[in-house]
Each structure stands twice: as C-alpha cells, then as structure tokens.
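So the chains spell out like this:
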Amino acid sequence: MNFIYDIVLNFNKEYYNFFEWNRKDNIINIKKIPFFMVDNETFLTMKYDQVTVSTAFVDMIKDKTFTYSKYKVGPSCLLTNGKEVIGVLFNERGMLVKRSSLLLDEEDEVLEEMDSDSVYKIDIVKIKKVKPSNINRMEREKKEFLIKYINKENSEINLKYLFYDYFERDEDNINSIKEILIKEIKNNWNEKFNKFYETVKIFNKIKS
C-alpha cells in the first residue's frame, strides 16, 4: 500500500473544487493517507455517484489515515485516474459518505508519485448514478437554504410577497405557493433567485 504525506483535505458530501472551499469548512491537516491509482470509470464513479464498496476494502484502509491533531478520520484514501486526485471517506459499511478535492500544488505532488503501471481494482458492490450538477457550491447552498425556508415558513404575507416578487402575479393558496416556488428553485435556478435569496435573509433576520 502506498501513502501520501502532508496534505490538507476538506471532506464534504458533495465534491467541491478547492476554489469553492470556505472558512467555515472543516479543513483537516493530513499527516499520512493511503493512495491508489484506479481506472477512469472508477474514479468518476467515486467522484460523483452514490457508491458502496466491499467491507474488505474498508478494513484494508481503516485506521491508515493520520492527522496532525487528535481528530480521527474514518476509513479514507486518495484516488487518482492519472489526471486528477480526490480524497474519499467511507463509513464502516462501505458507503462513500464524503469527498474532497486537493489544493492544486498538492494534487500535482501526488500525481508525481503515481505509478501508472499499478492500477488497483476496488471492489464496488453498489452504485447509484448521480447526474453531475451544473451549478456551483454557492448556488447549491442557496437552493438548499431557500427550500428549507419555504418548507418551514408559515407567514402568508411573506410567502405571498415572495411569490409575487418572483412571478409578478398573485396566488392565494399557500400550499400552491410553496409547491410552485420549490419546484422553480429545484428545476429553473436563475439569476432572479439571488435577489430572492437576499429578501429571504432579511425576513429571517426580522423573525429572529
């Protein structure tokens, strides 16, 4: 088993490029972590899809990642297809639960350590394909925030205002307002929602 030393990782449920990291993230200083070269299909599956690997693979990488602090990382490793590198974190049952990109200079260092003649075949027992999102992290988090707000909001005045402000028409049925707005947010995200988002944040401040 090969190892990589002295890198930082930022595990999240979704894959984020390093330039989408923010100060609130839990950046982990990794002292040592296992490293595998895989074929491109496996790499893309691990990067985007819902994946479960064999418990044998989990047992092999378990307790092999070390940090510079007391923070303990679960079964994890780095994977590369020869062009990119990602960090992946599994639970004890083999489900891939979090992913991390690498800083650009550290990714380059990992790629220099790669042995292209040693492709490892990970035993994947379950895959659910996920269509890669075409929106960035900030937009995704805004969508999640707005959907959560609309689902919980009980103020008819606020909901009717938001509906009219976006669609420029009236709607009196609150259930319809919620259903239509959430559907629009999920399926037709556009620049108008930036203003919508700012208005919702104001409503939240007033409420608190």
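A brief look at the structure comes next.

**Describing the environment of glycine 87**
No. 1: With respect to the secondary-structure elements, glycine 87 resides in strand β6 (residues 85-90).
No. 2: Glycine 87 sits 72 residues away from tyrosine 15 along the chain, and the two C-alpha atoms are 9.6 Å apart.

**Overview of the nonpolar core**
No. 1: Among the nonpolar cores identified, the biggest contains 19 residues, and Leu146, Ile150, Ile185, Phe193 and Phe196 are the most heavily contacted of them.
No. 2: Mapped onto this core, the elements with two or more residues apiece are α4 (137-152), α5 (156-167), α6 (174-187) and α7 (192-207).
No. 3: Among the nonpolar cores identified, the runner-up in size contains 17 residues, and Phe36, Val53, Phe57 and Leu79 belong to it.

**Describing the environment of valine 125**
No. 1: Along the polypeptide, valine 125 turns up in strand β8 (residues 124-128).
No. 2: Through-space distance from the C-alpha of valine 125 to that of threonine 55 is 9.5 Å; in sequence the pair is 70 residues apart.
No. 3: Not counting chain neighbours up to four residues away, the residues in contact with valine 125 comprise Thr52, Val53 and Ser54.

**A short note on the packing of aromatic side chains**
No. 1: Throughout the structure, instances matching the rule amount to 13 aromatic pairs.
No. 2: Measuring from ring centre to ring centre gives 4.7 Å for phenylalanine 163 and phenylalanine 167, while their planes differ by 40°; the resulting arrangement is tilted. Residue phenylalanine 163 and its partner phenylalanine 167 are located together in helix α5, separated by four residues, close to a single helical turn.
No. 3: The partly exposed category is assigned to phenylalanine 167, whose relative accessible area is 23%.
No. 4: On the numbers, 4.7 Å between centres and 20° between planes, the contact of tyrosine 166 with phenylalanine 193 is stacked. Of this pair, tyrosine 166 sits in helix α5 while phenylalanine 193 is found in helix α7, placing the two residues 27 residues apart along the sequence. In this structure, tyrosine 166 and phenylalanine 193 share a single accessibility class: buried.
No. 5: Taken together, the aromatic side chains of Phe163, Tyr166, Phe167, Trp189, Phe193 and Phe196 make up a single cluster linked through ring pairs.
No. 6: The positively charged end of lysine 32 is found above the aromatic ring belonging to phenylalanine 3, 4.4 Å away from the centroid.
No. 7: Positioned over the ring face of phenylalanine 167 is arginine 169, at 5.2 Å from the centre of the ring.

About the cut-offs
Residues numbered from 1 in each chain as written. Predicted model: local features only at pLDDT ≥ 70, side-chain atom pairs only at ≥ 80, totals over all residues. Heavy atoms only, no water. Helix = DSSP H or I, 4+ residues; strand = E, 2+ residues; numbered from the N terminus. Core = buried A, V, L, I, M, F, W, Y, C linked by side-chain atoms within 4.5 Å. Buried < 20%, exposed > 50% of the residue type's maximum accessible area, 1.4 Å probe, protein only. Contact = heavy atoms within 4.5 Å. Phe/Tyr/Trp six-rings, centres within 6.5 Å; stacked < 30°, edge-to-face > 60°. Lys NZ or Arg CZ within 6 Å of the ring centre and 35° of its normal.

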